[in-house]
Amino acid sequence: MTAVTSTNTAYPANGPPGDIFANIVVPLDGTPTAERALPLAINASAPGAEVHLVFVIASSSVGVPNGFPSVVESNHHQPPEYAIAGGQFTHDLAHAVAYLREVVETYAGSGRTIHWEVRHGSPYDQVLGAARAHNADAVVVAQRPVNPLKRLFQPDLARFLAN
């Protein structure tokens, strides 16, 4: 598995050369920064490749039932009945699902099969878990500029995956 970070220094503006990977995981959080990874992932994948979009609701989200599965919802899996209990978690889940469906619609004509899933837990563990579960060739992550003090206490996902 390869971690590809979308920075202006790693690749030219249009990303790495195309047709490299057949199975890619792209973590998204609803921000424009994270979405910068999508064109890179599309460009780095072969036509017909599978792109798995992963949105992680942090384990600190209020209202997550004990024993709740890691994969909360996806385009292949509906949440259990007790997920519709209300509260912040249900709000976060509805937001994530609507966002991912919109992203899939935007890239529907890319010639790639785009899957999506919402997970909950540690973003680091869940993205790595998704990459393993989907046998990903690469994880394409948009790296955020982070001040050095914050990086010391909370490394960004791109650096975590690269190590």
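(A) The arrangement of the nonpolar core in detail. With 29 residues, the main nonpolar core has Ile-24, Val-26, Leu-28, Leu-53, Leu-100 and Val-118 as its most contacted residues. If you list the elements that add at least two residues to this core, you get β2 (21–28), α2 (37–43), β3 (45–58), α3 (87–106), β5 (113–121) and β6 (138–142). The greatest single-element share of this core, amounting to 7 residues, is contributed by α3.

(B) The arrangement of the confidence of the model for the protein in detail. Scored by pLDDT, the protein has a mean of 74; 59% of the residues are at 70 or more. Per-residue pLDDT stays below 50 along residues 5–15; that stretch engages in 18 contacts with residues further than four places along the chain or on separate chains.

(C) Local environment of the packing of aromatic side chains. Counting across every chain of the model gives 1 aromatic pair. Where Phe-55 meets Tyr-99, the ring centres are 6.1 Å apart and the plane angle is 65 degrees; that geometry is what we call edge-to-face. Within this pair, whereas Phe-55 is found in strand β3, its partner Tyr-99 is found in helix α3, the two being separated by 44 residues in sequence.

(D) View of α3. Helix length check: α3, at 20 residues, gives a terminal C-alpha distance of 29 Å against a target of 28 Å (1.5 Å per residue), a fit within 8%. Within the span of α3, buried status applies to Phe-89, Thr-90, Asp-92, Leu-93, Ala-96, Val-97, Tyr-99, Leu-100 and Val-103.

(E) Inspection of the pattern of salt bridges at higher detail. Throughout the structure, instances matching the rule amount to 1 salt bridge. With its nearest N and O atoms 2.4 Å apart, the salt bridge here joins Glu-117 to Arg-119.

(F) Layout of the side chain of Arg-112. Within the secondary structure, Arg-112 is located in the loop between α3 and β5. For Arg-112, a relative accessible area of 16% puts it in the buried group. Within polar-contact distance, the side chain of Arg-112 engages the backbone oxygen of Ser-45 at 2.5 Å. Reaching out from Arg-112, the side chain makes a polar contact with the backbone oxygen of Ser-110 at a distance of 2.7 Å.

(G) How the structure looks around the pairing of β5. Among the 9 residues of β5, 8 are classified as buried, and the element is accordingly described as predominantly covered. Pairing of β3 with β5, which is carried by 9 bridges, proceeds in the parallel orientation. Residue pairing for β5: Ala-58 is matched across the bridge by Gly-121.

(H) Spotlight on the environment of Pro-39. Summarising the element assignment, Pro-39 is placed in helix α2. Pro-39 sits in the partly exposed class, given a relative accessible area of 42%. Residues Pro-39 and Ser-110, spaced 71 residues apart in sequence, show a C-alpha to C-alpha distance of 9.7 Å.

(I) Quick look at unusual backbone geometry. Backbone geometry places Asn-135, a non-glycine residue, at a positive phi of 50 degrees. Checked against the element boundaries, Asn-135 lands in the loop between α4 (123–133) and β6. Under the relative-accessibility criterion, Asn-135 is labelled exposed at 60%.

About the criteria used
- Residues numbered from 1 in each chain as written.
- Predicted model: local features only at pLDDT ≥ 70, side-chain atom pairs only at ≥ 80, totals over all residues.
- Heavy atoms only, no water.
- Core = buried A, V, L, I, M, F, W, Y, C linked by side-chain atoms within 4.5 Å.
- Buried < 20%, exposed > 50% of the residue type's maximum accessible area, 1.4 Å probe, protein only.
- Helix = DSSP H or I, 4+ residues; strand = E, 2+ residues; numbered from the N terminus.
- pLDDT = per-residue confidence, 0-100.
- Contact = heavy atoms within 4.5 Å.
- Phe/Tyr/Trp six-rings, centres within 6.5 Å; stacked < 30°, edge-to-face > 60°.
- Expected span 1.5 Å × (residues − 1).
- Salt bridge = Lys/Arg side-chain N within 4 Å of Asp/Glu carboxyl O.
- Polar contact = N/O pair within 3.5 Å; in protein donor to acceptor, adjacent residues only side chain to side chain.
- Pairing = 2+ DSSP bridges.

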